[in-house]
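Architecture and fold: a report
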Amino acid sequence: MYFSFDSFKWNSFGWPIMAFTFNSNGLAVTISSGGGLNASGGDTKTLTMGASVWTVTGNFNISGTNLTVNYNTSEVKIDDSSTITAASGKELYKLNLTPALNAETYTLNSDITVNNTLTIDNSGTAGIITINGNSINAKGDVATGSTNRNINGTTNLKINGSTNQNVTMTFFSTSVLNLPFSIESTGGTVTLGGATFKIGNSWTFTSGTVSSGTSTVWFIDTVSVTSGTMAFNNVNIENTAGSKTLTLVDNMTVNGTFTTNAGTASAVNYTMNGSTINLKGDVTSGATERSLLGTTTLEINGTGAQSFKYTAFSTSYLGLVVTINKGGNTLTFLSQTLKVGNTWTYTAGTVDFTTNSVVFQVEASCNINLGTVSLYQFTVNGGTATLTGNLDVNNN
């Protein structure tokens, strides 16, 4: 059976003047024509949502002071622009924000708690979703569509459940999650999924256990990252338009591959400031990198075999502080003209520049102390190379 209400409001049932109980009995409920659902006010009301899917067009309000909400195993699906209000203690089981048409805006007048799955999916319409105000407390899994477009806004998306949670995000092309994103788990494991988990605002880890699995997290354009004690699997960085800055508030650990796309799409430099990337895997880049500049230290300190390739366009260069401090196996530089600036320091480990005939080329002022490492070829094309230790060059 299927219930369809036109401009459904609790007041239309006389709730302002009497107590009322509504039980969906697991039947599909559709609230259409933009009227939405309004369970505000001070009258005694009970809403039992059962196992129903509630499809709402319009606003959604469960803020009544004497309202009892039994969310059971229900799903609330809001398919167009809406103002969403929920009083403290009035929670949802599943929430699905999937626009039926194009771009939609959801305004949160209060924090919203979702105890099971939160779905934000604009893959079908390719329209931007905007979510503004307050926070979504995601206690269960979080998922997007398979080719999500931008999710913009000011709402904080908090992963703060007390049991295992899966957070899988897949974005199309240069689309991103443009909401502040945080992990504040109090129990269980937060497992990250998705090869295009793209962040365009901020990433903050506060507490919990995180499994990065096989995920690839992208930080695109201007982003602030607080990693805490968590470790990422693969990390990609990219600026898509204009000169942008990625800020590391604290050290970041990357167990997989660190990939740069500095200016590959935008043809302008990218800046990365603050702290250190502890890289346990490989370094790779786009085919026509512009300069990656900044104060961040890229420390190559894995115990397994690692490779390094940075392909810079014209006189662009890798302008981070680079430290080689391996605990085992070999760091192999792949065939390239490695264009550098800033500071390069060797501390420990086996390093191979010669097998692949790597040209180490200074493009901007650079302090170099490579210790016992042998270079294949060394050239200075721009700036000043300052040697703070001996330099061994096997070719010329």
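Reading the values: rules and limits
- Residues numbered from 1 in each chain as written.
- Predicted model: local features only at pLDDT ≥ 70, side-chain atom pairs only at ≥ 80, totals over all residues.
- Heavy atoms only, no water.
- Helix = DSSP H or I, 4+ residues; strand = E, 2+ residues; numbered from the N terminus.
- Buried < 20%, exposed > 50% of the residue type's maximum accessible area, 1.4 Å probe, protein only.
- Contact = heavy atoms within 4.5 Å.
- Areas by Shrake-Rupley, 256 points an atom, 1.4 Å probe, with all protein chains shown as cover.
- Lys, Arg positive; Asp, Glu negative; His and termini not counted.
- Charge placed at Lys NZ, Arg CZ, Asp CG, Glu CD.
- Core = buried A, V, L, I, M, F, W, Y, C linked by side-chain atoms within 4.5 Å.
- Pairing = 2+ DSSP bridges.
- pLDDT = per-residue confidence, 0-100.
- Phe/Tyr/Trp six-rings, centres within 6.5 Å; stacked < 30°, edge-to-face > 60°.

On to the overall build of the protein chain. Each helix and strand in the protein chain was counted, giving zero helices and 42 strands. Residue burial in the protein chain is summarised as follows: out of 396 residues, 53% are buried. At a minimum sequence separation of 6, the contacts of the protein chain that also span at least 24 residues come to 48%. When the accessible surface of the protein chain is split by element, carbon and sulfur atoms take 46% of a total near 14700 Å². Averaged over its 15 positive side-chain charges, the protein chain has a centre that lies 1 Å from the centre of its 20 negative ones.

Turning our attention to the nonpolar core. Within soluble globular proteins, side chains that are nonpolar generally end up buried alongside one another. Formed by 94 residues in total, the largest nonpolar core has its most connected members in Trp203, Phe219, Phe308 and Trp344. Per-element tally for this core: the top contributor is strand β36 (residues 318–333), with six residues. With sequence-adjacent residues up to four places away left out, phenylalanine 219 is seen in contact with Ile199, Trp203, Val225, Phe232, Val235, Asn236, Ile237, Glu238, Leu246, Met252 and Tyr270.

Among the secondary structure elements, glycine 188 is positioned in strand β21 (residues 180–193). The exposure class of glycine 188 is partly exposed, given its relative accessible area of 36%. The residues contacting glycine 188, other than those within four sequence positions of it, are Ser162, Thr163, Asn164 and Thr209.

As a further point, take unusual backbone geometry. We note that serine 275 has phi near 55 degrees; this positive angle belongs to a residue other than glycine. Topologically, serine 275 is positioned in the loop between β31 (270–273) and β32 (276–279). Even without being a glycine, serine 314 presents a positive backbone phi close to 50 degrees. With respect to the helices and strands, the residue serine 314 is situated in the loop between β35 (306–308) and β36.

Right, let's get into the pairing of β32. By the alternation rule, side chains of β32 split into Thr276 and Asn278 and Ile277 and Leu279, which are all buried. Relative to β32, strand β29 (residues 252–254) is paired through three bridges, and the arrangement is parallel. Looking across to β32, one finds that threonine 253 is bridged to asparagine 278. Of the strand pairs in this sheet, β32 and strand β34 (residues 292–300) are connected by four bridges, and their pairing is parallel. Residue pairing for β34: leucine 279 is matched across the bridge by isoleucine 300.

With that settled, consider the confidence of the model for the protein chain. Parts of the model with low pLDDT should not have their predicted coordinates read in detail. A residue-level look at the protein chain finds 94% of positions with pLDDT of 70 or above and a mean pLDDT of 92. Considering only residues more than four positions removed or in separate chains, one finds that residues 1–18, a stretch of pLDDT under 50, has 47 contacts.

Counting across every chain of the model gives 14 aromatic pairs. Each ring, one from tyrosine 71 and one from tyrosine 93, has its centre 6.2 Å from the other, and the planes form 15 degrees; the classification is stacked. With tyrosine 71 in the loop between β8 (67–70) and β9 (75–78) and tyrosine 93 in the loop between β10 (82–86) and β11 (94–97), this pair connects stretches of sequence that are 22 residues apart. Judged by centre distance (4.8 Å) and plane angle (45 degrees), the ring pair of phenylalanine 181 and tryptophan 203 falls under tilted.

Looking now at the environment of isoleucine 128. On the secondary structure map, isoleucine 128 appears in the loop between β14 (118–120) and β15 (129–132). Along the sequence, isoleucine 128 and asparagine 150 sit 22 residues apart, while their C-alpha atoms lie 5.2 Å from each other. Excluding anything up to four places from it in sequence, isoleucine 128 contacts Ala103, Glu104, Asn122, Asn150 and Asn152.

So, about the pairing of β15. The pairing of strand β12 (residues 104–108) with β15 spans four bridges and is classified as parallel. Across the sheet, the residue bridging to tyrosine 106 is isoleucine 131, located in β15. Pairing analysis gives three bridges linking β15 to strand β18 (residues 151–153), with the strands arranged parallel. Looking at β18, one finds that threonine 130 is bridged to asparagine 152.

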